Amino acid sequence: MGQMGDLNRKNQEGYEEYLAGLDAQHLRRHLRVFDSPSGPVMTHQGRSFINFASNNYLGLNTHPAIKESAIEAINSFGVGSGASRLISGTLLPHQELEMALAQFKQTEAALTFSSGYAANSGIIPAMVGTQGQIFVDRLCHASVIDGCRLSRARLRVFQHNDPDHLRIQLAKRPANRPTLVVTEGVFSMDGDIAPLSELMEVAQHYEAALLVDDAHGTGVMGKHGRGTVEHFGIDPSGVFQMGTLSKALGTVGGYVVGSRPFIEYLINICRSFIYTTAPPPAFAAAARTALEIVQSDPGRRSTLWQNRNRLFQGLSGMGFTLTNTQSPILPVILNRPALALEMSKKLFNQGIYVPAIRPPTVPKGTSRLRVTVTSDHTPEHLDTALETFKKVGQELGII
Ligand SMILES: *Cc1c(COP(=O)(O)O)cnc(C)c1O
């Protein structure tokens with residue numbers, strides 16, 4: 001990892017040195033500006049390419065009915081919310097969205113946040129204070145880690161998707177402290193699924209609460225798209241679930257669902273809910289319509305899975321090394337950041353956009369191309385991508 005530059009100097013040179021250090025390790029990141037919506041085909045500087053870099057799994061970000069809901073809400077409720085939720089910022093679309101979310105997730109109540117990041121950074125400290133302890137999967141998302149750090153609770157990391165390691169750690173824990181276990185439903189950078197039933201059993205045995213971050217599971221997993229909890233047939237009243245409206249739901253905002261008293265408690269103490277302006281009503285209205293479509297149009301989910309299976313079989317059949325993925329996230333492991341970057345560039349030059357994911361987003365030595373597929377990709381898009389992967393993979397001596 002790049003050493004922090006001497007930022008105390010707070011001058012141009014300190015920052016430039018830091019960036020040069022990142023460059024030297026192939027770890028520098030840049031913003032790319034696109035001039036089209038996020039979709040299966042995007043345009044950048046006048047060129048179009050097939051996009052495998054979005055979490056818009058069901059293509060809902062451009063769905064006409066969802067856009068229309070946002071426009072209607074702007075006309076009825078304005079653009080900004082004007083205040084935080086507890087002051088005067090709770091507008092009808094917020095309440096309607098939270099009721100719809102609770103119904104969708106089959107829980108008593110729901111609460112929304114401006115982002116999934118904000119949700120995790122507030123919920124976790126609200127659930128476990130300084131006196132508590134948190135056990136978190138090694139591959140959990142940065143927002144989970146930040147929530148854990150903000151709580152100032154005792155933090156322990158268990159091996160990825162390893163309920164036995166969690167059990168060993170819980171057995172050794174200091175007793176009589178509030179205890180929280182956190183995992184993702186579908187892991188964002190590996191695409192594999194947590195063994196939720198086993199984790200839940202271990203957590204229950206040690207009287208720990210289990211929080212599932214289902215950012216990538218919602219809309220994607222389970223017969224009705226309710227997420228990983230539905231996929232495993234787990235009773236939603238036995239776990240806490242959070243997630244985001246920004247991925248399969250195509251809009252923006254975070255949420256948490258649970259019992260009515262739990263949600264009322266968060267409304268009273270969760271800092272990232274309280275001390276920020278309410279998200280715009282248009283996004284709440286749009287997300288509510290997105291939830292309706294996820295439920296009324298299961299065809300999108302089946303196309304998503306067909307596409308996912310076609311691409312997965314194609315890539316693994318060619319000899320690329322994929323993670324143990326069970327989702328529409330198809331990471332191709334290349335290990336070295338320079339190789340991931342080079343392959344990503346070569347693909348981009350041939351009209352295929354797949355981002356290189358490098359440390360610190362993933363552990364050192366596991367740099368990868370993170371391919372995500374959506375229901376809007378056509379069979380032709382997938383075939384073109386597979387041909388290009390084959391060509392570039394052979395050029396680079398990877399396959
Ligand atoms: C994307 C993501 C988040 C953050 O959600 P945003 O709404 O984008 O802030 C949280 N957790 C996981 C696992 C994610 O992948």
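Because the structure is predicted, anything quoted here is derived from the model rather than measured. (Residues numbered from 1 in each chain as written. Predicted model: local features only at pLDDT ≥ 70, side-chain atom pairs only at ≥ 80, totals over all residues. Heavy atoms only, no water.)

Looking only at helices and strands, one finds 15 helices and 13 strands in the chain. For a compact globule of 399 residues, the expected C-alpha radius of gyration is about 21 Å, and the chain comes in at 21 Å, within 12% of that figure. C-alpha atoms of the chain, sized along the principal axes, occupy 60 × 50 × 50 Å. By element, 51% of the accessible surface of the chain is carried by carbon and sulfur atoms, the whole surface being about 17800 Å². The distance from the centre of the 37 positive side-chain charges to the centre of the 34 negative ones in the chain is 5 Å. (Helix = DSSP H or I, 4+ residues; strand = E, 2+ residues; numbered from the N terminus. Rg over C-alpha atoms; globule rule 2.2 N^0.38 Å. Areas by Shrake-Rupley, 256 points an atom, 1.4 Å probe, with all protein chains shown as cover. Lys, Arg positive; Asp, Glu negative; His and termini not counted. Charge placed at Lys NZ, Arg CZ, Asp CG, Glu CD.)

A word on the nonpolar core. Counting residues in hydrophobic clusters, the biggest one holds 49 residues, and the most contacted among them are F113, V181 and V256. Of the residues forming this core, the biggest block, six residues, is contributed by helix α5 (residues 116-127). The next biggest cluster of nonpolar side chains, apart from the first, holds 32 residues, and it includes I66, A70, I193 and L291. (Core = buried A, V, L, I, M, F, W, Y, C linked by side-chain atoms within 4.5 Å. Buried < 20%, exposed > 50% of the residue type's maximum accessible area, 1.4 Å probe, protein only.)

Of all six residues making up strand β13 (residues 367-372), six are buried, and the element is well covered by its neighbours. In this structure, strand β10 (residues 329-335) lies alongside β13, joined through six bridges in antiparallel fashion. By the bridge assignment, N335 is partnered in β13 with S367. When strand β12 (residues 356-357) meets β13, the two strands line up antiparallel, connected through two bridges. Bridge pairing in β13 places I357 opposite R368. (Pairing = 2+ DSSP bridges.)

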